[in-house]
Amino acid sequence: MTVEARVPFTTLASTYVVLPADNVDTDQIIPARFLKVTGKRGLGDNVFADWRLRPDGTPNPDFPLNRPDAVGAQILVAGVNFGCGSSREHAPWALVGWGLRAIVAPSFADIFKQNAMKNGLLPVAVDAAVHARLVEARHVDPKARIAIDLPAQTLTLPGVPGGQATRFEIDPFAKECLVHGTDELGYLLDRAADIERYEAKHV
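Residues numbered from 1 in each chain as written. Predicted model: local features only at pLDDT ≥ 70, side-chain atom pairs only at ≥ 80, totals over all residues. Heavy atoms only, no water.

## Here we look at the sheet that holds strand β1 (residues 11-18)
So, step 1. Spatially, seven strands are ordered β4-β3-β2-β1-β5-β6-β7 in an open sheet, and the strand pairing comes out mixed. Here the strands that pair on one side only, and so sit at the sheet edges, are β4 (122-125) and β7 (166-167).
So, step 2. Looking at chain direction, β1 and strand β5 (residues 145-149) are connected through five bridges and run antiparallel. Across the sheet, the residue bridging to Ala13 is Ala147, located in β5. (Pairing = 2+ DSSP bridges. Helix = DSSP H or I, 4+ residues; strand = E, 2+ residues; numbered from the N terminus.)

Have a look at this one:
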């Protein structure tokens, strides 16, 4: 049995993109017509398809992810209740496929949050004041960067007055899996020998 290889998430410092919308649902993240596949390959090309692309298929230059200063950004700053709607796992697959590694928002839909963490995408919930500071900093400087330290559970906006580290919460088990680049199955397989020894003692 094999487990999908993932990049461990320890620290990340990246430019970021602001998506100024609340209640972004999973059908907006990845429209239902792209859910016919069971694999992840190519889903990133369809992320936010109805917003990112015009009806003729050409890029919408006004959409934040299409702007030149968004190239290479690995963090998306979104509004409240990000990832609401249906529980499609394709949503985090598509976001990761685009190149995102973290989403920062005031709040997340619970099922999306769980799916994200299981697929190597870190959801970071921040309070309204921190969120406003991030949005304003990006407005002032398109090259502004966010630093995330998952082991320390901190988010920092370097070089900005008041940009001290802000602590965020995360489920301890999800954190361990993200830091080690694994998932629930990989976690169990790594402990197969211990499980077998336990089972042998309780036959």
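## Describing helix α6 (residues 172-180)
So, step 1. All of the buried residues in α6 are Ala174, Lys175, Cys177, Leu178 and Val179.
So, step 2. The backbone nitrogen of Phe173 lies 3.1 Å from a side-chain oxygen of the residue at the head of α6, namely Asp171.
So, step 3. Backbone geometry just after α6 places Gly181 at a positive phi near 65 degrees. (Buried < 20%, exposed > 50% of the residue type's maximum accessible area, 1.4 Å probe, protein only. Polar contact = N/O pair within 3.5 Å; in protein donor to acceptor, adjacent residues only side chain to side chain.)

## Details of the pattern of salt bridges
So, step 1. Under the counting rule described, the total for this entry stands at four salt bridges.
So, step 2. Taking the shortest distance from any N to any O, the salt bridge between Arg88 and Asp27 comes out at 3.0 Å. A residue pair is termed long-range when its members are at least 10 positions apart, and Arg88 in the loop between β2 (75-77) and α3 (90-98) and Asp27 in helix α1 (residues 26-29) qualify at 61 residues.
So, step 3. Note on Arg88: relative accessible area 15%, which makes it buried.
So, step 4. Glu169 is the partner of Arg167 in a salt bridge, and the nearest nitrogen-oxygen pair spans 3.8 Å. Accessibility assignment for this pair places Arg167 and Glu169 in one class, exposed. (Salt bridge = Lys/Arg side-chain N within 4 Å of Asp/Glu carboxyl O.)

## Comments concerning the environment of Phe82
So, step 1. Position of Phe82 relative to the elements: it lies in the loop between β2 and α3.
So, step 2. Judged by its relative accessible area of 0%, Phe82 is buried.
So, step 3. Once the C-alpha coordinates of Phe82 and Asp110 are considered, the two residues, 28 residues apart in sequence, prove to be 9.4 Å apart.
So, step 4. Here Phe82 is in contact with Leu19, Val24, Ile29, Phe48, Leu76, Leu95, Ile103, Ala105, Ser107, Phe108, Ala109 and Phe112, once residues within four sequence places are set aside. (Contact = heavy atoms within 4.5 Å.)

## Digging into the pairing of β1
So, step 1. Across the eight residues of β1, six count as buried, placing the element largely inside the fold.
So, step 2. Judged from the three bridges that link them, β1 and β2 form a sheet pairing that is parallel. Bridged to Tyr16 within β2 is Ile75.

Everything listed here is a matter of coordinates, which is why it stays silent on function.
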